[in-house]
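So the chains spell out like this:
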Amino acid sequence: ADTTINGYDSIIHNHICPALGKVRLADLTPELINGYYQWLSEAKSLSSNTIRKHHILLHTALKSAFRQGVIPTNPVQRATPPRATTVEVSYYTPTRLAQLLQAVQGDPLEVPVWLACFLGLRRSEILGLRWRDVDLRSGQLCVRWVRTTVGSRVVEKTPKTFDSCRTLSISALADLLDLLHNLQAKRIRDEMPCGLDDFLLLDAMGQPLHPNLMSTAFSAFIRRNDLPPITFHGLRHTFAS
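Here is what the cut-offs are and how they apply
- Residues numbered from 1 in each chain as written.
- Predicted model: local features only at pLDDT ≥ 70, side-chain atom pairs only at ≥ 80, totals over all residues.
- Heavy atoms only, no water.
- Helix = DSSP H or I, 4+ residues; strand = E, 2+ residues; numbered from the N terminus.
- Rg over C-alpha atoms; globule rule 2.2 N^0.38 Å.
- Contact = heavy atoms within 4.5 Å.
- Areas by Shrake-Rupley, 256 points an atom, 1.4 Å probe, with all protein chains shown as cover.
- Lys, Arg positive; Asp, Glu negative; His and termini not counted.
- Charge placed at Lys NZ, Arg CZ, Asp CG, Glu CD.
- Phe/Tyr/Trp six-rings, centres within 6.5 Å; stacked < 30°, edge-to-face > 60°.
- Buried < 20%, exposed > 50% of the residue type's maximum accessible area, 1.4 Å probe, protein only.
- Arc of directions from axis to C-beta.
- Pairing = 2+ DSSP bridges.
- Axes fitted to C-alpha atoms, helices over the stretch in contact; angles between N-to-C directions.
- Parallel < 35°, antiparallel > 145°, perpendicular 65-115°, else oblique.
- Left-handed = near helix turned anticlockwise from the far one by under 90°.
- Nonpolar A, V, L, I, M, F, W, Y, C, P; charged D, E, K, R; others polar.

This part covers the overall build of the protein. Summing up its helical and strand segments, the protein has nine helices and five strands in all. Helices (α) and strands (β) of the protein occur, in sequence order from the N terminus, as α-α-α-α-α-α-β-β-β-β-β-α-α-α. Whereas a compact globule of 241 residues would reach a radius of gyration of roughly 18 Å, the protein reaches 23 Å, over 25% beyond that. Across its three principal directions, the C-alpha atoms of the protein cover 70 × 35 × 30 Å. Residue pairs in contact within the protein that sit at least 24 positions apart in sequence constitute 61% of those at least 6 positions apart. Roughly 14,300 Å² of accessible area belongs to the protein as shown, and the carbon and sulfur atoms make up 52% of that amount. Here the protein contributes 27 positive and 21 negative side-chain charges, whose respective centroids are spaced 8 Å apart.

Moving on to the packing of aromatic side chains. Counting across every chain of the model gives four aromatic pairs. Residues Tyr-36 and Tyr-37 carry aromatic rings whose centres are separated by 6.0 Å and whose planes lie at 50° to one another, so their mutual orientation is tilted. Using a relative accessible area of 4% as the deciding quantity, one classes Tyr-37 as buried. Measuring from ring centre to ring centre gives 5.4 Å for Phe-218 and Phe-232, while their planes differ by 90°; the resulting arrangement is edge-to-face. Placement of the pair is Phe-218 in helix H8 (residues 211-224) and Phe-232 in helix H9 (residues 232-240), with a sequence separation of 14 residues. By relative accessible area, which is 0% here, Phe-218 ends up buried. Here a set of aromatic residues connected by ring pairs shows up, and it is made of Tyr-36, Tyr-37 and Trp-39.

With that settled, the discussion passes to unusual backbone geometry. Although it is not a glycine, Glu-191 adopts a positive phi angle of roughly 55°. Within the secondary structure, Glu-191 sits in the loop between helix H7 (174-189) and H8. Using a relative accessible area of 75% as the deciding quantity, one classes Glu-191 as exposed. In this structure, Asp-226 takes a positive phi of about 55° despite not being glycine. The residue Asp-226 is located in the loop between H8 and H9 in this model.

Here we take up H9. Taken together, the buried positions of H9 are occupied by Phe-232, Gly-234, Leu-235 and Thr-238. The arc enclosing the buried residues of H9, seen along the axis, measures out at 140°, which places them on a common side. Check the buried side of H9 and you find it contacts helix H4 (94-103), helix H5 (110-119), helix H6 (123-127) and H8.

Attention now moves to the side chain of Asp-133. Examined against the element boundaries, Asp-133 turns out to sit in the loop between H6 and strand S1 (134-135). If near-sequence neighbours (up to four positions away) are discounted, Asp-133 is found in contact with Gly-128, Gln-140, Leu-141, Cys-142 and Arg-144.

We now examine the sheet that holds strand S5 (residues 166-169). Within the open sheet, the three strands sit side by side as S1-S2-S5. Their pairing is antiparallel. Of all the strands in the sheet, the pair left with one neighbour each is S1 and S5. In this structure, S1 lies alongside strand S2 (residues 140-143), joined through two bridges in antiparallel fashion. From the neighbouring strand, Asp-135 faces S2, where its bridge partner is Gln-140.

A few words now on the packing of H5 against H7. Their axes nearest at 10 Å, the elements H5 and H7 cross at an angle of 150°. Judged on the interaxial angle alone, H7 and H5 are roughly antiparallel. Considering only the axes of H5 and H7, their crossing is left-handed. Only Asp-175, Leu-176, Leu-179, Leu-180 and Leu-183 of H7 make contact with H5, whose side of the interface consists of Glu-110, Val-111, Trp-114, Leu-115 and Leu-119. Partitioning the contact of H5 with H7 into residue classes produces eight nonpolar, no polar and two charged.

In structure tokens:
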């Protein structure tokens, strides 16, 4: 996927090439690789979990080199990456969630907040929803497309995994159904795109909402309403909790 390639490209050009690019493969030792991990931690202040991503990428690349007979052994196998650490996730309690839902009433963020809090949708999944994916009559919502960013580009694609393509029931979420009905009606009144192939969330110019714009708007909304700090992805954790 473009997002994966972009992540690998960033690791290679920003860190691996500057630190190890001039080392011949035959001279690459576990000690050098361990020194690379230490450099990432101390000089670049990267977390243990991020350094492990570098370790996995190096291991995969050199495993391929070993299979092709370019090197006799894979030195990464004898290197020692830092241990993975548990990342503490933030989420809202029911009381905090009630405060958020009250504050977001009538705000352009109301629909995406409901979709994240009560269906556990990711930001990219929410922004990828088209009107053809929402059946207001039967009360079903289908996740089959995502919109995300790769560097400065917006990418539209299918979800990363097969399980991410799913159909969810919204028939019991009367408030969400009302919000979607009202959104559809407002689009028609304002003569904005509302066909089957049009996205649910548009900006003021009638264009698909930029992923970063929604995250920025949500962070500003949280600060403006004196709510406890939380990322938009934290709403997905709120749903899970």
